[in-house]
Structures are given as C-alpha cells and as structure tokens.
2 protein chains.
Amino acid sequence: MARHAQLELDLQLCFPLYAASRALTKAYQPLLDPFDLTYPQYLTMLALWSSPDDQTVGALGDRLRLDSGTLTPLLKRLETRGLVRRHRDPADERRVLVTVTEAGDALQDDLAHVPGALVDRIGMTLDDGIALRRLLDKLLASLDDGDGLAVGAAS
Amino acid sequence: MARHAQLELDLQLCFPLYAASRALTKAYQPLLDPFDLTYPQYLTMLALWSSPDDQTVGALGDRLRLDSGTLTPLLKRLETRGLVRRHRDPADERRVLVTVTEAGDALQDDLAHVPGALVDRIGMTLDDGIALRRLLDKLLASLDDGDGLAVGAAS
DNA sequence: CACAATTCAATCGCGCACAATACAATCACC
DNA sequence: GGTGATTGTATTGTGCGCGATTGAATTGTG
C-alpha cells in the first residue's frame, strides 16, 4: 500500500488517460500497417488533407500540438516516401510549406475506411463517444490556459 | 477540406485523446522536475509504492501496460539514482524483482502533494473527473478484448 | 532423463516527443 | 540604413514506447 492514499496508481486520472491513449494508438496500427504509416504520420496526413492550402510546419504543429523537433523528422520521412513535399515559403524564408503530393492525396481514399473500422473495433456507443470527446476537450482547454494555443480556431 | 468527411482531424476521437494525454503528462512535469523524475518514472514509482512486496518487471509491466523494452532502461535509470534495486528472483531466475530503496520510499512523502496540485491545475469538477475516468476505463476494457490483460484484477 | 516448447527479461532498431540550442530571416526601432 | 529583438525551423540530446529478436531459465512431454 502506498503511504499516501492519493498516490495509489488506480486513483490517478492521468494513468488511464495515458494507458488509453497508447492502447488506442496501438489499435490503429493494424489498420495503418498496410500503408506503412505510423499513427502520428496518419494524424499528420489528416491535418494536411483537411486544408486546401499548403501548411507551414508551425501551423501543422499548432494543429497537432507537436513541435518541429517531432514534426521535422516525421515530415522528412513522409517526403522520402513521396507523400509530401517541403519547401521554403518565398514570402518568408523562415517558414517551410508542406504540400501533399498526388500520391499523398490518393492515400486519402485508401484510408477512408480507417475511422469506421476503429469505431467498430471500440464498440463504444455514440453517447459515450460524444461524452468522452466533450470531457477531453474540456480537459485540453483547461490545460491550455496560459498557453495561448488556438484550440477551436481552426474548426 | 478532406475528401472524406470521416477523415477530418477534428472528428477523430483518437486525436483529442492523444493530445490530452500528452498535455496532461506535460502538466505534471513542473511538479516532477524538482525531483528529477519523468512522468513515466513517476507512474512506475506509484506502482512500486502501492505494493508491499517486490514486484517483477513483468508484473510492473502488466500494471503499467508497458513492456520490458520500455521498463528495463527506465528501471535501470531509477536504479542508477538509488531509488530502486533490481535483482534476479531466486525462485525463478528468468524474473527480475524490483525493490524500492529507503531513498525511493522517502520520495513518497516528497510527492504526496502532486496529485492534489494537478487536480488544482486542471480545475475539473469531481463529476467530470469521475465520468472521464469511467469512460476511459470503458474504452480501455474494450480495447483489451482479446488481449488477456488483467484489468481490474489488481485492484 | 532428454529434448522441445514456452516463458521472462534484455537487447536491438526505429520512430516518436520535447526542452534547449543554433542559425537564418524578419521585424521593430532609432 | 543599421542594429537589436523576435520569429520559424532545424538540430541536438535525452527519455520513452514498441515490435522483433536473443539468451537463459523453466516447463511440458515422452
């Protein structure tokens, strides 16, 4: 027994969140393996597809809440695979713009089944899904206090 | 716009879970920095403190849902810091037992304030916390289907 | 008892994830 | 125009996290 009751692992909110996130990521992997994508790469492609324009690394990072330390190598790997192209923004050469290639775009069709398959895998009710989503958004919003990140602005 | 509506990043349940988990982990860091602990190390200490007996790497891994590829180096670092000791189980030498040292045990008192401080940081209502916890457990349970991991057995 | 099958932790290889730092480009101000 | 301050991305260093593999120990079977 832990000496302090509040230190019991089973009483931590953080732990199930941490565990569930990893488990969900893991559940995606068999669906993404045929396309040789990791889960963060999948999310990155989602973010890129959702915008009609090229996005900067920074904007992508804001969206995905990842910094360039993570994104740059990840995008480089996607570029090596021919799914995206990265080039300096002529209007401000500090910025790097990310373009989805034709191959990257076509992948959209290949992956269209993934969200549905995952929902089937989870077997969660719509109500529970919506409630979970709401609570997570709330948690994220409160953790964002003082961070200045735009949460819903892109929606 | 994504060509397929279900591929919109904002419609994914997985993404807020992923983002919230990382944000929560990040929120812990300032509280753990004075003790030179990372969040996974903190969880590991929690798991160790909650048991009166030495735990094997495997049991710890079951508890934390981490495999030895992650745990072994993590425990080695904790051992280097004198917080735990690792030794082979004489009853079955395939197993490694993990003992909390006096220093590791004393850390419990130092960290007793952390969960409360985090709850203050989040500012989430008790009801929301309980609901979130319930939904996460539910999600974890469904993702565990077929994995054979003991979910509540340790409680 | 001998040997195949299984188990357990460690290792290997790779991809994250992030704080700190570096560098070039741009902005702000005089 | 010149210079200091700020910005945006890349790099560096470290700690995960996990699938695949390895080596030793244990278990199961004949």
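Just above, that's the structure.
Now for a description of the structure that goes with this document. Computed from a predicted structure; not experimentally measured.

1. Some words on unusual backbone geometry
All names here are of chain A.
- Phi is positive for D36, which is not a glycine, with a value near 55°.
- Assignment of secondary structure puts D36 in the loop between α1 (14-32) and α2 (39-49).
- Here R65, not a glycine, exhibits a phi torsion of approximately 55°, which is positive.
- Counting through the fold element by element, R65 comes out in the loop between α3 (57-64) and α4 (68-80).

2. Some remarks on the protein's contact with DNA strand D
- Near DNA strand D, the surroundings consist of 28 residues, among which A:Y18, A:T72, A:K76, B:T38 and B:R77 are the closest.
- Restricting the count to atoms of DNA strand D within 4 Å of the protein gives a sugar and phosphate share of 78%.
- A:S68 places a polar side-chain atom, nitrogen or oxygen, 2.8 Å from a base nitrogen of DNA strand D.
- Take A:T72: an N or O atom from its side chain is 2.3 Å from a phosphate oxygen of DNA strand D.
- Those elements that place two or more of their residues in the surface near DNA strand D are α1, α3, α4, β2 (84-89) and β3 (92-100) of chain A together with α2 (39-49) and α4 (68-80) of chain B.
- Taken together, the residues of the surface near DNA strand D sort by class into 6 nonpolar, 9 polar and 13 charged.

3. Quick word on the packing of aromatic side chains
- With the rule as written, the count across this model stands at 8 aromatic pairs over all chains.
- Geometrically, the ring pair formed by A:Y39 and B:Y18 is edge-to-face, given 5.3 Å between the ring centres and 85° between the ring planes. In this pair, A:Y39 sits in helix α2 while B:Y18 sits in helix α1 (residues 14-32), so the two residues belong to two different chains. Each member of the pair, A:Y39 as well as B:Y18, is classed as buried.
- Taken together, the ring pairs connect A:Y18, B:Y28, B:Y39 and B:Y42 into an aromatic cluster.

What counts, and where the lines are drawn
Counting of residues starts from 1 at the beginning of each chain's written sequence and follows it residue by residue. Following the order in which they are written, the chains are lettered starting with A and the ligands numbered starting with 1. Whole-chain, interface and lining totals are the exception, using all residues; otherwise, since this is a predicted model, local features are given only for residues with pLDDT of at least 70 and side-chain atom pairs are given and counted only at 80 or more. Each side-chain value is worked out from all heavy atoms of the structure, with water and hydrogens disregarded. Strands are runs of DSSP state E lasting at least two residues, helices are runs of H or I lasting at least four, and both sets are numbered from the N terminus onward. Distances are taken per atom, and a residue is near a molecule or strand as soon as one of its heavy atoms is within 4 Å of it. In protein, a polar contact means a hydrogen-donor-capable atom and an acceptor-capable atom, both N or O and within 3.5 Å, with residues adjacent in sequence counting only if both atoms are side-chain atoms; elsewhere, any N or O pair within 3.5 Å suffices. Any residue outside Ala, Val, Leu, Ile, Met, Phe, Trp, Tyr, Cys, Pro, Asp, Glu, Lys and Arg is labelled polar, Gly included; the first ten of those are nonpolar and the last four are charged. Between 30 and 60 degrees the pair is tilted, below 30 it is stacked and above 60 it is edge-to-face, where a pair is any two Phe, Tyr or Trp rings, Trp via its six-membered ring, whose centres lie within 6.5 Å. Three exposure classes are used, based on accessible area relative to the maximum for each residue type with a 1.4 Å probe and protein chains only: buried under 20%, partly exposed in between, and exposed over 50%.

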